[in-house]
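The residues making up each chain are set out below.
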Amino acid sequence: MSSSFTLAKDIPKILILDVLAVVAVFLLPSLSHFFPFPLYFIEPMRLAALSVYFLSRYKLNAYLLALALPIFSMLYSGHPIPLKAFLISIELVANLFILNFLLGKFPQVKVIPLF
């Protein structure tokens, strides 16, 4: 009962984080024209997926976002091409899987959600 209550309590936070991540990926092509360096060097999709993972700590949410971000970006801006979007999705999911694996191997390392 406490698990479902905690999830129900955290749904607004999860939705806000997801919306912010999707909006950031949508606005990135427009924002990249304002900066003298290419923003893709900071890998915004990876940062968004990892940030949502660490801020919400719900694995399923982070995995779904890792799958969805490249697809949303492809549908919105036409970049990346479908095959590359699929490969980026696989890479983001693999990153989260490796992170979960390493956090499971080293249980003394505690990751505390920021809010």
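What you are looking at is a predicted structure, and each value in this text was computed from that prediction instead of being measured.

Focus: the environment of Ile 88
Moving on, step 1. Note on placement: Ile 88 falls in helix 4 (residues 82–105).
Moving on, step 2. Linking Ile 88 and Ala 66, residues 22 residues apart in sequence, is a C-alpha distance of 8.6 Å.
Moving on, step 3. Dropping the residues within four chain positions of it, Ile 88 is found in contact with Met 45, Pro 70 and Pro 80.

Quick look at the nonpolar core
Moving on, step 1. Core analysis: the biggest nonpolar cluster contains 19 residues, and Met 45, Leu 65, Leu 69 and Leu 96 have the highest contact counts within it.
Moving on, step 2. Elements with a contribution of two residues or more to this core: helix 1 (2–31), helix 2 (44–56), helix 3 (59–77) and helix 4.
Moving on, step 3. Looking at which element gives the most residues to this core, the answer is helix 2, with six residues.
Moving on, step 4. Excluding residues within four positions of it along the chain, Leu 69 makes contact with Ala 21, Val 22, Val 25, Met 45, Ala 48 and Ala 49.

Looking at the side chain of Asp 18
Moving on, step 1. Relative to the assigned elements, Asp 18 resides in helix 1.
Moving on, step 2. Here Asn 61 takes part through its side chain, which lies 3.2 Å from a polar atom of the side chain of Asp 18.
Moving on, step 3. In this view, Asp 18 contacts Val 52, Asn 61 and Leu 65; residues no more than four positions away in its chain are not counted.

Reading the values: rules and limits
Residues numbered from 1 in each chain as written. Predicted model: local features only at pLDDT ≥ 70, side-chain atom pairs only at ≥ 80, totals over all residues. Heavy atoms only, no water. Helix = DSSP H or I, 4+ residues; strand = E, 2+ residues; numbered from the N terminus. Contact = heavy atoms within 4.5 Å. Core = buried A, V, L, I, M, F, W, Y, C linked by side-chain atoms within 4.5 Å. Buried < 20%, exposed > 50% of the residue type's maximum accessible area, 1.4 Å probe, protein only. Polar contact = N/O pair within 3.5 Å; in protein donor to acceptor, adjacent residues only side chain to side chain.

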